[in-house]
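Summary of structural features
These are the residues of each chain, in order.
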Amino acid sequence: QVQLVESGGGLVQAGGSLRLSCTTSGQTFNNYAMGWFRQAPGKEREVVATISRIYTTYYADSVKGRFTISKDDAKNIVYLQMNSLKPDDTAVYYCAARPDNILSAWDSWGQGTQVTVSS
């Protein structure tokens, strides 16, 4: 498994921006797919964005055009740039990792970082 630590959450007004970071350790970063998930109060955890080891990205429809996932293989860091934030983006954001093959599940999780967007 991979050890994950998120940072960069906070309170921001609607329309503002935040960048989340996820630092990793413990395994070969380049062999993993990385993802950002979020969970709002009373709701199930949902995928926000993912990036494969070869930089293929996926975004939830709700964040397309506003959020960008990226990674720095040399530094073992994954980022989530969040622009044009809305109150509906308020949630705890989690970084996750899984071995990059079709059989693997998201089995490594960070502790989460709170993002609050005020209207």
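Residues numbered from 1 in each chain as written. Predicted model: local features only at pLDDT ≥ 70, side-chain atom pairs only at ≥ 80, totals over all residues. Heavy atoms only, no water.

Overview of the sheet that holds strand β7 (residues 67–72)
- Overall, antiparallel pairing links the 4 strands, which are arranged β1-β3-β8-β7 in an open sheet. Looking at the sheet topology across the chains shown, the edges are occupied by β1 (3–7) and β7. Between one strand axis and the next, the sheet turns by 15° as a mean value, whatever way the strands run. (Pairing = 2+ DSSP bridges. Helix = DSSP H or I, 4+ residues; strand = E, 2+ residues; numbered from the N terminus. Axes fitted to C-alpha atoms, helices over the stretch in contact; angles between N-to-C directions.)

Description of the packing of aromatic side chains
- Tallying each qualifying case throughout the model produces 2 aromatic pairs.
- Taking 5.4 Å as the distance between ring centres and 75° as the angle between the ring planes, the aromatic pair formed by F37 and W106 counts as edge-to-face. Highlighted residues: F37 in strand β4 (residues 32–39) and W106 in the loop between β9 (91–99) and β10 (108–109), separated in sequence by 69 residues.
- You can call W106 partly exposed: its relative accessible area is 24%.
- Among the aromatic side chains, those forming a connected cluster through ring pairs are F37, W106 and W109.
- Sitting over the face of the ring of Y94, R45 holds its NZ or CZ atom 3.9 Å from the ring centroid. (Phe/Tyr/Trp six-rings, centres within 6.5 Å; stacked < 30°, edge-to-face > 60°. Buried < 20%, exposed > 50% of the residue type's maximum accessible area, 1.4 Å probe, protein only. Lys NZ or Arg CZ within 6 Å of the ring centre and 35° of its normal.)

Considering the pattern of salt bridges
- Applying the stated criterion across every chain yields a total of 6 salt bridges.
- Across the salt bridge formed by R38 and D89, the nearest N and O atoms sit 2.9 Å from each other. In this pair, R38 sits in strand β4 while D89 sits in the loop between β8 (77–82) and β9, placing the two residues 51 residues apart along the sequence. Here R38 matches D89 in class, with each residue buried.
- For K71, the salt bridge identified is with D73, shortest N-O distance 2.8 Å.
- Through salt bridges with shared partners, one network takes in R38, E46, R66 and D89. (Salt bridge = Lys/Arg side-chain N within 4 Å of Asp/Glu carboxyl O.)

A closer look at the environment of G112
- Structurally, the position occupied by G112 is in the loop between β10 and β11 (113–118).
- Judged by its relative accessible area of 17%, G112 falls in the buried class.
- In this structure, the C-alpha to C-alpha distance between G112 and N101, residues 11 residues apart in sequence, is 24 Å.
- Non-local contacts of G112, meaning those with residues more than four positions away in its chain, are made with E6, V92, Y93 and Y94. (Contact = heavy atoms within 4.5 Å.)

Concerning the state of the cysteines
- Counted by the stated rule, this structure contains 1 disulfide.
- The disulfide partner of C22 is C95, and the gap between their sulfur atoms is 2.1 Å. In this structure, the disulfide formed by C22 and C95 twists by about -80° around the S-S bond and is classed as left-handed. Taken together, the residues C22 in strand β3 (residues 18–25) and C95 in strand β9 connect sequence positions 73 residues apart.
- Given the relative accessible area of 0%, C95 is considered buried. (Disulfide = S-S within 2.5 Å.)

In short, shape yes, function no, at least from these values alone.
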